[in-house]
Amino acid sequence: GYIACSEKTIWRLDDAFRVAEKLADTDNGAPESRFNDCKCGPDGAFWMGTLTSAGAFGLPDGGRLYRYAPDGDFSVVLDGVGLSNGFVWTRDRKTVYYTDTVGGVIYAFDYDGPAHALRNRRVVFRDPAVYPDGMTIDTDDRIWAALWGAGKVVCIDPATGETVHEVLVPGADLTSSACFGGADFSTLFVTTSRLGLTEADLAAKPDSGSLFAVRVDASGSQFFRGAF
């Protein structure tokens, strides 16, 4: 089965993607708040973030990062987020990289597994001119982040903050996320969006909303399964 989010609710789905059970609702009382990116963590729990959609990309501090555990514990891990997005764990599970799209920033946190906590926040990438969205990580612990509106995915070395590789998506500007797959995990799959595009926009970028795949000189790190 699967775990998924709608705007304010976490659901369990069966193998045919039909709703099997309602698990929880967000406890954020803001009427404009909704879930955004989500992922299973190395602890087997479901991690998901929110944004407050009153602003163009969310209010500067209206979002949160939540953790929903297999035992039903539902807690706030991080508060005061603008637009919660792409988060990944390093191979040793000691570091989490986490995106706040508002401000164009990617943070690093020390991950305290037993306490399910994020500590010692620091910036590994910041560019107010771009909007980092969903992301993945390779076996060298480099971040591959989709840049919303830029039509590309960038590979960032967190140790230096430098972009070491770019994957361009010329047919779609709204690149939204990326993950590794394929037999050897060296195919990068890139999702894109048609959100808010006009007919003229779609004529100029007809592949908007498509799923892309490209071979890259990298291999994806493992992903985590929920323990539900």
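Note that the structure is predicted; figures quoted are calculated from it, not measured.

A.B. asks: What's the story with the side chain of Asn85 in this structure? I'm lost.
C.D. replies: Topologically, Asn85 is positioned in strand 8 (residues 84-89). Given the relative accessible area of 3%, Asn85 is considered buried. Among the polar contacts made by the side chain of Asn85, one reaches the side chain of Asp133 at a distance of 3.1 Å. In contact with Asn85, not counting residues within four places along its chain, are Asn36, Asp37, Tyr98, Thr99, Thr101, Pro132, Asp133 and Gly134.

A.B. asks: Which parts of the structure should I look at to understand the packing of aromatic side chains?
C.D. replies: The final tally for this structure, using the stated rule, is 14 aromatic pairs. On the numbers, 6.0 Å between centres and 70° between planes, the contact of Trp47 with Tyr111 is edge-to-face. Here Trp47 is found in strand 5 (residues 46-52), whereas its partner Tyr111 is found in strand 10 (residues 105-112), with 64 residues between them in sequence. In this structure, Trp47 and Tyr111 share a single accessibility class: buried. A connected cluster of aromatic rings, assembled from ring pairs, spans Trp47, Phe87, Trp89, Tyr98, Tyr107, Phe109, Tyr111 and Phe224. Positioned above the aromatic ring of Phe87 is the side chain of Lys39, whose terminal nitrogen or guanidinium carbon lies 6.0 Å from the ring centre. Cation over ring: Arg121 sits above Tyr107, and NZ or CZ is 4.8 Å from the ring centre.

A.B. asks: Just to check I follow, could you spell out the nonpolar core for this structure?
C.D. replies: Side chains of nonpolar character tend, in soluble globular proteins, to be buried together. Counting 15 residues, the largest nonpolar core has Trp47, Leu65, Phe87, Trp89, Tyr98 and Leu118 as the members making the most contacts within it. Mapped onto this core, the elements with two or more residues apiece are strand 7 (74-81), strand 8, strand 9 (95-100) and strand 10. With four residues, the single largest contributor to this core is strand 10. Non-local contacts of Trp89, meaning those with residues more than four positions away in its chain, are made with Cys40, Gly41, Pro42, Trp47, Thr95, Val96, Tyr111, Ile137 and Phe224. By size, the runner-up hydrophobic cluster in this structure holds 14 residues, among which are Val88, Phe125, Met135 and Ala145.

About the criteria used
All chains use their own residue numbering, which begins from 1 and follows the written sequence. Predicted model: local features are reported for residues with pLDDT of at least 70 only, side-chain atom pairs are reported and counted for 80 or more only, and whole-chain, interface and lining totals are derived from all residues. To obtain the side-chain values, all non-hydrogen atoms of the structure were included, while hydrogens and water were left out. Only DSSP runs of H or I covering at least 4 residues are called helices, and only runs of E covering at least 2 are called strands; the numbering of each starts at the N terminus. Relative accessibility decides the category of a residue: with a 1.4 Å probe and only protein chains considered, values under 20% of the type maximum give buried, values over 50% give exposed, and everything between is partly exposed. Here a polar contact means two N or O atoms within 3.5 Å. Within protein one must be a hydrogen donor candidate and the other an acceptor candidate, and residues neighboring in sequence count only if both atoms are side-chain atoms. Residue contacts are counted whenever heavy atoms from the two residues lie within 4.5 Å of one another. Ring pairs are drawn from Phe, Tyr and Trp, using the six-membered ring of Trp, whenever the two centres fall within 6.5 Å, and their geometry is named by plane angle: stacked under 30 degrees, edge-to-face over 60, tilted for the rest. In this scheme, the term charge over a ring applies when either NZ of a lysine or CZ of an arginine sits within 6 Å of the ring centre and within 35 degrees of the ring normal. Among buried residues, those of type Ala, Val, Leu, Ile, Met, Phe, Trp, Tyr and Cys that are joined through side-chain atoms within 4.5 Å constitute a nonpolar core.

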